[in-house]
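# Observations on chain architecture
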2 protein chains.
Amino acid sequence: MTIYKAPLDDLRFALYDVLGAEKTLTALQGGEGHTRDLLDAVVEEAGKLSEALLAPFNASGDEEGCRYDKATQTVTTPKGFKEAFKAFAEGGWTGLTQAEHFGGQALPNTIGTATTEIFQAGNLSWSLYPLLSEGACHAMELHGTKEQQDTYLKPIVEGRWTGTMCLTEPQAGSDLGLLKTRAEPGDNGSYKITGTKIFISAGEHDLAENIIHLVLARLPDAPAGSRGISMFIVPKFKVNADGSLGARNAVAAGAIEHKMGIKGSATCVMNFDAAEGYLIGQPHKGLAAMFTMMNAARLGVGVQGLALSERALQNSLNYARERLQSRSLSGPKFPDKPADNLLVQPDVRRMLLTQRAIVEGSRALLLYTSLQTDIEARGADEAARKKASDVVAFLIPIAKGVVTELAQESTKEALQIYGGHGYIGENGVEQFVRDARIITLYEGTTGIQAADLLGRKILQLQGVGAKHFLEEIGAFCQSHAQDAALASLIGPLAKATKEWSELTQKLAARVMSNPEELGAAALDYLYYSGYVTLAYMWARSVAAAETSNQSAAFKQAKRDTASFYFARILPRCLMHKAAIEAGVETLPAIA
Amino acid sequence: MTIYKAPLDDLRFALYDVLGAEKTLTALQGGEGHTRDLLDAVVEEAGKLSEALLAPFNASGDEEGCRYDKATQTVTTPKGFKEAFKAFAEGGWTGLTQAEHFGGQALPNTIGTATTEIFQAGNLSWSLYPLLSEGACHAMELHGTKEQQDTYLKPIVEGRWTGTMCLTEPQAGSDLGLLKTRAEPGDNGSYKITGTKIFISAGEHDLAENIIHLVLARLPDAPAGSRGISMFIVPKFKVNADGSLGARNAVAAGAIEHKMGIKGSATCVMNFDAAEGYLIGQPHKGLAAMFTMMNAARLGVGVQGLALSERALQNSLNYARERLQSRSLSGPKFPDKPADNLLVQPDVRRMLLTQRAIVEGSRALLLYTSLQTDIEARGADEAARKKASDVVAFLIPIAKGVVTELAQESTKEALQIYGGHGYIGENGVEQFVRDARIITLYEGTTGIQAADLLGRKILQLQGVGAKHFLEEIGAFCQSHAQDAALASLIGPLAKATKEWSELTQKLAARVMSNPEELGAAALDYLYYSGYVTLAYMWARSVAAAETSNQSAAFKQAKRDTASFYFARILPRCLMHKAAIEAGVETLPAIA
């Protein structure tokens, strides 16, 4: 059995003390009502729901998994999933950040990120059902006609239906240009969609009345490759003019995958057999349309890394406190007990501080990025929106790529603290490791994030987002140059930031002369960028803590974790720099 | 489905070209017959057995797991396990390295390590049954009376019975001083053993007629803590004077654990209910006796890391060759195919070279260490044996701690190459990740290995093994200082080795003034030591390849992987050095 308690204190600290979210959010267009009182209440309610209805079914959901019935081609989700989804829908959570005219509550993405962390930490498998719906809503909001929005988007916002994104095919994963699913003209302007999609999360389940698939397919006249892909709406049940459910469409789950983790999430093979579909957006522009959802989806997966790391930390800290084994190196600390607890071991504290540095640093980064998406959407003026948009584009591959990779480390360290007990299913921590393993793979592998960061965001877009972000760090360093509380942090941060700029420029020159250098350096560049970004988040956190109303213990913990981060994590940049500079000649051909 | 082919070429290269094993082994006492012809034949046979009888049941064993029947308190192993064990016993593998007077073949440990790698790679879960027997044999060989050896050891060597090591209890894991199992005087000099042991690999199964448990327990007059522990032989079935099986003893499996991986290995809760047991070795000296088996057991777990990494590498390399996705950054490399394979991506090559550097470097290290154990046991003179013994003591925590941790990375990278397909059970690679997760935990966690290296081997034993080993590296660097083939390697190796010595000395001084510094630095010191040790193995491998009869492609691959290692892996020392130097003040108390 594992514990979970929504980390309200640190969420509030990151939101208000570090990021000044209240001030920023209430200044946005339509944000007048988004005061701290309101936002706090929302986050607290999310905590209650997650703790009561999601967290208790995390382990049982893993054990039961989803069941697929071949005869009816239906999927039964684990115990508790349906009830939780009902409560979630009734609480208005399915429309939390959706526009009011679609029935949503139009709350900021920043709050969406905070509550999503809480739901995902409660039960990652379960949280994939609403997460995929969000992506589908987003696509229909941006690209659908009013009629499509009224027909398909609103019921999802209301929590009556759910959505999917059908991209991957057996031969087309990272390279969607290879996809083969066909769309042929049908009746009344509809299309007949034929093909097989794999890895479709929430492709089939028993949580909602209808499922709306957003499907990438090729029109008959489509050019080859990624420029010949269109997007279609394919409902599980066709929808009558009055919005009621009509006939079953020719789309069905052919199987579900047996996976390493997230076993409560139905990962489906979806067969489209001349299923009726409706073009959404422009012909042949489907991939671009899909990519408009990508930032939100990737940020959401980054949040999954944070969520799993948070829950793993809570449990391993608890275990380290309670497990009595051996004595402190400097003599017994609990002489009246048969042994000291694990916290007296410096190496156990190293593992806990590593987790804490990852968790709280990632939280600040993800909320920071989310706040930028809110400014991007509803900032006061065009210049502010453009700047935020650039920063978001730059930070997304870091927020997804680095946070999900650090979640592998974080959950691994949590398990390690348990010793052999961590390997036993009923202790629960090994599930976090298995669940976490998917997040560096889906929504673009870490390699894809790295290529996006270096290839697209830095080189193709000329690093405009990076420039803004680095300037912000520079300004922060300057304004805190004399701040005694940050004396040991500002120097290394400024140095790392400068080195980051220099590395970037050198790399750009190298890639110009040989495009292979991009692939040779991208992964290490991603990590390098991530560690400097987190250093900035940690420096900001210490600065914010000092002037906050937080308790002395809270402030001390922030200082301690930041010192640990700068002394023991940030130096990883040294090895990434060496790897970046090693160049493509150290990656010769393999037969 | 995964593939596995015993890596005979690289095993032979490491044995003969790098380590000169034939020359060393035939010069040992009783080693005259251990020629390359003989050893090669043994390793090849191991390959055949593993490929035919073990590897095909690896995935099915994971899926089936062991079944525990509560009514009879018996365990059924997965399909294929029994047949494989029968063939293994009939082939004489259970006694491969055991003394001839016990019915063994007295082959060198070096060959035992080579064949163990092959069996473990075929099926890690299965391989735990003979591995635990080996440990039990070793203990009885060193500490048993002749009668005990004749009665209990010989049938294990013959493969009719198996053995276990019963150490852990719920409240006593890393800290065995806390164990509570009691031994009270019984009839005819026997003892009644009462208590519960957990995590007992092969504690109960259907592979053999009888199971001999070596159990740690306390005599009535035992002092508290680790100096009051004795070792007992407790057979599942008592043994009659003629060696036939007698009555069932009062020891039984109360449950088996449901684990993250190694599901084909029965991990049992063993209940001893006044079971008849026989003291082995001296009273109260059980822990010391158990520790005499520790080197072999820890080396064996290091080999598990190598084995899993090797199999994961074979499969991910195969996948990268066959999977067609996207195009090379510098234009199509397979223009007649719908896409290029993954090998054209520099980042995929980075992941493959990382694995190869880990696999082949670890293999050289583990065989090197094994060769030292053979010299320790049967070296020509006392001085040679003592020196080898010191080097073994020093290298064991590195061979266990670092190789098992690198296996986490190696199997993770293998899975990552598969993208989302790696997360699907039927593709098999995720099992390697799950199976690998146990090896940093059992036979002493990585933290325990680190404390053993720095606390015991370096500080307590004054680094005598380290001194020999560093001198050897120094001599190697000197003798290859003018070697053009090693021009880019010797400088960094010599520098890293020098820095390692300096770090060690500084650390020793720091620990003298504050014992907590030991715990604060040990883990990073372990990694640092491991990376320099592997750098030495890689430099030796390149030197050996150059003067060998290997093919040009083989030599080139060694050079490439070594260059990769020095450019992109060895620089990890930079961050470990920073962490070591950060000191205990960066690991403050956690409440």
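The shown structure was predicted, so the numbers you read here are calculated from the model rather than taken from an experiment.

So, on to the UniProt feature "domain: Acyl-CoA dehydrogenase/oxidase N-terminal" (unreviewed entry) in chain A. Listed under "domain: Acyl-CoA dehydrogenase/oxidase N-terminal" (unreviewed entry) in the UniProt record, and renumbered for this structure, are residues 82-159 of chain A. The span residues 82-159 of chain A is 71% helix and 0% strand, and its two end C-alpha atoms sit 12 Å from each other.

The subject of this paragraph is the relation of the copies chain A and chain B. If you rotate chain A by 180° and push it 0.0 Å along the axis, it lands on chain B with an RMSD of 0.0 Å. Viewed as a symmetry operation, the transformation between the two copies matches a two-fold axis. Taken as a fraction of all interface residues of chain A, those also at the interface in chain B reach 100%, which identifies the copy contact as same-surface.

The partner chain B presents 84 residues to the 84 residues of chain A that form the contact. With both chains or domains summed, chain A and chain B bury close to 6,800 Å², and 61% of this area falls on carbon and sulfur atoms. Three residues, Tyr-423, Arg-568 and Ile-590 of chain A, lead the burial of chain A against chain B; their summed loss comes to 13% of the area buried on that side. Between the two partners, chain A and chain B, sit 4 salt bridges.

Let us look at helix 11 (residues 346-378) of chain B. For helix 11 of chain B, with 33 residues, the first-to-last C-alpha span of 47 Å sits near the 48 Å given by 1.5 Å per residue. The element helix 11 of chain B is extensively covered by neighbouring structure, given that 31 of its 33 residues are classed as buried.

This paragraph deals with the domain arrangement of chain A. Residue and element names in this part refer to chain A. By the assigned domains, chain A splits into domain 1 (35-292) and domain 2 (294-584). Taken over C-alpha atoms, the centre of domain 1 sits 30 Å from the centre of domain 2. Counting from both sides, the interface comprises 27 residues of domain 1 and, opposite them, 29 residues of domain 2. In total, about 2,400 Å² of surface goes out of reach between domain 1 and domain 2, with carbon and sulfur atoms giving 56% of it. The residue Asp-62 makes a salt bridge to Arg-434 at a minimum N-O spacing of 2.7 Å.

Considering all chains together, one arrives at 76 salt bridges over all chains under this definition. With its nearest N and O atoms 3.6 Å apart, the salt bridge here joins Arg-12 of chain B to Asp-40 of chain B. One end of the pair, Arg-12 of chain B, is in helix 1 (residues 8-18); the other, Asp-40 of chain B, is in helix 3 (residues 36-54), and 28 residues separate them in sequence. Of the charged contacts in the structure, one is a salt bridge between Arg-363 of chain B and Glu-117 of chain B, with a shortest N-O distance of 2.7 Å. One end of the pair, Arg-363 of chain B, is in helix 11; the other, Glu-117 of chain B, is in helix 6 (residues 109-122), and 246 residues separate them in sequence. By the burial criterion, Arg-363 of chain B is buried, and Glu-117 of chain B matches it. Among the charged side chains, a network of salt bridges with common partners joins Asp-10, Glu-117, Glu-310, Glu-360, Arg-363 and Lys-558 of chain A.

Attention now goes to the UniProt feature "domain: Acyl-CoA dehydrogenase/oxidase C-terminal" (unreviewed entry) in chain A. Under the UniProt annotation, the feature "domain: Acyl-CoA dehydrogenase/oxidase C-terminal" (unreviewed entry) is placed at residues 285-452 of chain A. End C-alpha atoms of residues 285-452 of chain A are separated by 20 Å, and the span's content is 71% helix alongside 0% strand.

With that settled, the discussion passes to empty space enclosed by the protein. Where empty space is left becomes clear once a probe the size of a water molecule has been rolled over the atoms. All names here are of chain B. Under the defined criterion, the tally for this structure stands at 4 cavities of 30 Å³ or more. Computed from the structure, the largest cavity encloses a volume of approximately 250 Å³. Around the largest cavity, the lining is made up of 20 residues, and of these Phe-88, Trp-93, Thr-116, Pro-130 and Glu-134 lie nearest the centre. Among the elements of the structure, helix 6 and helix 7 (124-143) are those that each provide at least two residues to the lining of the largest cavity. It is helix 7 that contributes the most residues to the lining of the largest cavity, 7 residues altogether. Its residues assigned to classes, the lining of the largest cavity comprises 9 nonpolar, 10 polar and 1 charged.

One pass over the structure, following the stated rule, counts 34 aromatic pairs over all chains. Note on Tyr-191 of chain A and Phe-232 of chain A: the rings are 5.3 Å apart at their centroids and 65° apart in plane angle, and the pair reads as edge-to-face. Linking Tyr-191 of chain A in strand 5 (residues 191-201) with Phe-232 of chain A in strand 7 (residues 230-235), this pair joins segments that are 41 residues apart in sequence. Overall, Tyr-191 of chain A belongs to the buried group, its relative accessible area being 18%. Look at Tyr-319 of chain B and Tyr-418 of chain B: their rings are 4.3 Å apart centre to centre, the planes differ by 20°, and that puts the pair in the stacked class. One end of the pair, Tyr-319 of chain B, is in helix 10 (residues 294-322); the other, Tyr-418 of chain B, is in the loop between helix 12 (382-417) and helix 13 (429-436), with 99 residues separating them in the sequence. Since its relative accessible area comes to 7%, Tyr-418 of chain B is described here as buried. An aromatic cluster is defined as three or more aromatic residues linked by ring pairs; in this entry it consists of Tyr-368, Phe-394, Phe-469, Phe-476, Trp-500 and Tyr-536 of chain A. Here Arg-248 of chain B stacks its cationic end above the ring of Phe-237 of chain B, 5.5 Å away from the centre of that ring.

A word on the nonpolar core. Within the largest apolar cluster, 395 residues are counted, with the highest numbers of intra-cluster contacts made by Phe-469 and Tyr-565 of chain A together with Phe-469 and Tyr-565 of chain B. Not counting the four nearest positions on each side in its chain, Phe-469 of chain B is found in contact with Tyr-368, Val-391, Phe-394, Leu-395, Trp-500, Thr-533, Tyr-536 and Met-537 of chain B.

Residue and element names in this part refer to chain A. With 6 of 6 residues buried, strand 7 lies mostly within the body of the structure. Because side chains alternate across strand 7, one face comprises the buried residues Ser-230, Phe-232 and Val-234, and the other comprises Met-231, Ile-233 and Pro-235, equally buried. As defined by bridge partners, strand 6 (residues 210-217) adjoins strand 7 across 6 bridges and the pair is classed as antiparallel. Opposite Val-215, over in strand 7, you have Phe-232 as the bridge partner. Of the strand pairs in this sheet, strand 7 and strand 11 (residues 267-280) are connected by 3 bridges, and their pairing is antiparallel. Counted as the bridge partner of Phe-232 is Leu-279 from strand 11.

Turning to unusual backbone geometry, a few remarks are in order. Residue and element names in this part refer to chain A. Positive phi is not limited to glycine here, since Ala-106 has a value of about 55°. On the secondary structure map, Ala-106 appears in the loop between helix 5 (81-90) and helix 6 (109-122). Positive phi, close to 60°, is recorded for Ala-202, a residue that is not glycine. Mapped onto the elements of the fold, Ala-202 is located in the loop between strand 5 and strand 6.

Let us look at the environment of Leu-15 of chain B. Residues and elements named next belong to chain B. Among the secondary structure elements, Leu-15 is positioned in helix 1. Residue classification places Leu-15 among the buried positions, given a relative accessible area of 1%. As a C-alpha pair, Leu-15 and Arg-36 span 21 residues in sequence and 9.4 Å in three-dimensional space. The residues contacting Leu-15, other than those within four sequence positions of it, are Gly-20, Ala-21, Thr-110, Ile-111 and Leu-367.

Next up on the list: the packing of helix 15 (residues 464-479) of chain B against helix 16 (residues 487-513) of chain B. Residues and elements named next belong to chain B. The geometry of helix 15 relative to helix 16 is characterised by a closest axis approach of 10 Å and an angle of 155° between their N-to-C directions. When the axes of helix 15 and helix 16 are compared, the pair comes out roughly antiparallel. Both helix 15 and helix 16 take part in a crossing whose hand is left-handed. Taken together, the residues of helix 16 that come into contact with helix 15 (itself represented by Phe-469, Leu-470, Ile-473, Phe-476 and Cys-477) are Ile-490, Leu-493, Ala-494, Thr-497, Trp-500 and Ser-501. Residue classes in the contact of helix 15 with helix 16 are distributed as 9 nonpolar, 2 polar and no charged.

Attention now moves to the environment of Glu-209 of chain A. Residues and elements named next belong to chain A. Among the secondary structure elements, Glu-209 is positioned in the loop between strand 5 and strand 6. A C-alpha to C-alpha distance of 30 Å links Glu-209 and Ala-6, two positions 203 residues apart in sequence. Apart from residues no more than four positions distant in its own chain, Glu-209 is found in contact with Arg-160, Trp-161, Phe-237 and Leu-245.

Moving on, we get to the pairing of strand 11 of chain A. Where strand 5 of chain A lies against strand 11 of chain A, 9 bridges are found, and the strand directions are antiparallel. If you follow Lys-192 of chain A over to strand 11 of chain A, its bridge partner there is Glu-276 of chain A.

Residue and element names in this part refer to chain B. Summarising the element assignment, Ser-125 is placed in helix 7. Of the residues examined, Ser-125 reaches a relative accessible area of 4% and is grouped as buried. Of the polar contacts made by the side chain of Ser-125, one reaches the backbone nitrogen of Gly-264; its length is 3.2 Å. Setting aside chain neighbours within four positions, we find Ser-125 in contact with Phe-81, Ile-262, Lys-263, Gly-264 and Ser-265.

For the rest of this paragraph, the subject is the packing of helix 12 (residues 382-417) of chain A against helix 15 (residues 464-479) of chain A. Residues and elements named next belong to chain A. Closest axis-to-axis distance for the helix 12/helix 15 pair is 7 Å, and the angle between their directions is 100°. What the angle tells us is that helix 12 and helix 15 run roughly perpendicular. Counted together, Lys-387, Asp-390, Val-391, Phe-394 and Leu-395 of helix 12 and Val-464, Gly-465, Ala-466, His-468 and Phe-469 of helix 15 form the full contact between these two elements. Taken together, the residues of the contact of helix 12 with helix 15 sort by class into 6 nonpolar, 2 polar and 2 charged.

What counts and what doesn't
Every chain begins its residue count from 1, and numbering advances along the sequence as written. For this description, chains carry letters from A and ligands carry numbers from 1, given in the order in which they are written. Restriction of local features to residues with pLDDT of at least 70 applies here, the model being predicted, together with a cutoff of 80 or more for giving and counting side-chain atom pairs; totals for whole chains, interfaces and linings are based on all residues. Derived side-chain values reflect all non-hydrogen atoms in the structure, with water molecules and hydrogen atoms excluded from consideration. UniProt positions are given in the numbering used here, feature names are shortened, and annotations may be inferred rather than shown by experiment. Only DSSP runs of H or I reaching four residues or more are called helices, and only runs of E reaching two or more are called strands; each is numbered from the N terminus. The fit set for superposing copies consists of C-alpha atoms from residues with pLDDT of at least 70 in both; the fit itself is least squares. Any pair of residues with heavy atoms lying within 4.5 Å of one another is described as a contacting pair. The term buried area means the drop in 1.4 Å probe accessible area that two parts suffer when joined, counted for both and summed. Should a side-chain nitrogen of Lys or Arg be within 4 Å of a carboxyl oxygen of Asp or Glu, the pair is scored as a salt bridge. Expected span of a helix: the number of residues minus one, times 1.5 Å. Under the scheme applied here, a residue whose accessible area is under 20% of the maximum for its type counts as buried, over 50% as exposed, and between as partly exposed, the area being computed with a 1.4 Å probe on protein chains only. Domain ranges listed in this record stem from an automatic or a database domain assignment. In this analysis, the protein atoms alone were mapped onto a 1 Å grid. Cavities are point sets where a 1.4 Å probe fits without being able to get out; pockets are open sets with protein on both sides within 12 Å along at least five of seven lines; lining residues have an atom within 4 Å of a point. Grid points are joined across faces, edges and corners, and a volume is the space filled by probe spheres set on the points. Only Asp, Glu, Lys and Arg are considered charged in this grouping, and only Ala, Val, Leu, Ile, Met, Phe, Trp, Tyr, Cys and Pro are considered nonpolar; every other residue, Gly among them, is considered polar. Ring pairs are drawn from Phe, Tyr and Trp, using the six-membered ring of Trp, whenever the two centres fall within 6.5 Å, and their geometry is named by plane angle: stacked under 30 degrees, edge-to-face over 60, tilted for the rest. Think of it as a cone above the ring: NZ of Lys or CZ of Arg counts as a charge over the ring if it is within 6 Å of the ring centre and within 35 degrees of the ring normal. Only buried residues count toward a nonpolar core. Its members are Ala, Val, Leu, Ile, Met, Phe, Trp, Tyr and Cys residues joined through side-chain atoms within 4.5 Å. We call two strands paired when DSSP finds no fewer than two bridges between them. Only the contacting stretch of a helix is used when fitting its axis, a line to C-alpha atoms as for every element, and angles between N-to-C directions run 0 to 180 degrees. Roughly parallel means an angle under 35 degrees; roughly antiparallel, over 145; roughly perpendicular, 65 to 115; everything else is oblique. Handedness of a crossing follows from how the near helix is turned relative to the far one, being left-handed for an anticlockwise turn of less than a right angle and right-handed for a clockwise one. What qualifies as a polar contact is a pair of N or O atoms within 3.5 Å, subject to a donor-acceptor requirement within protein and to the restriction that residues adjacent in sequence count only when both atoms come from side chains.

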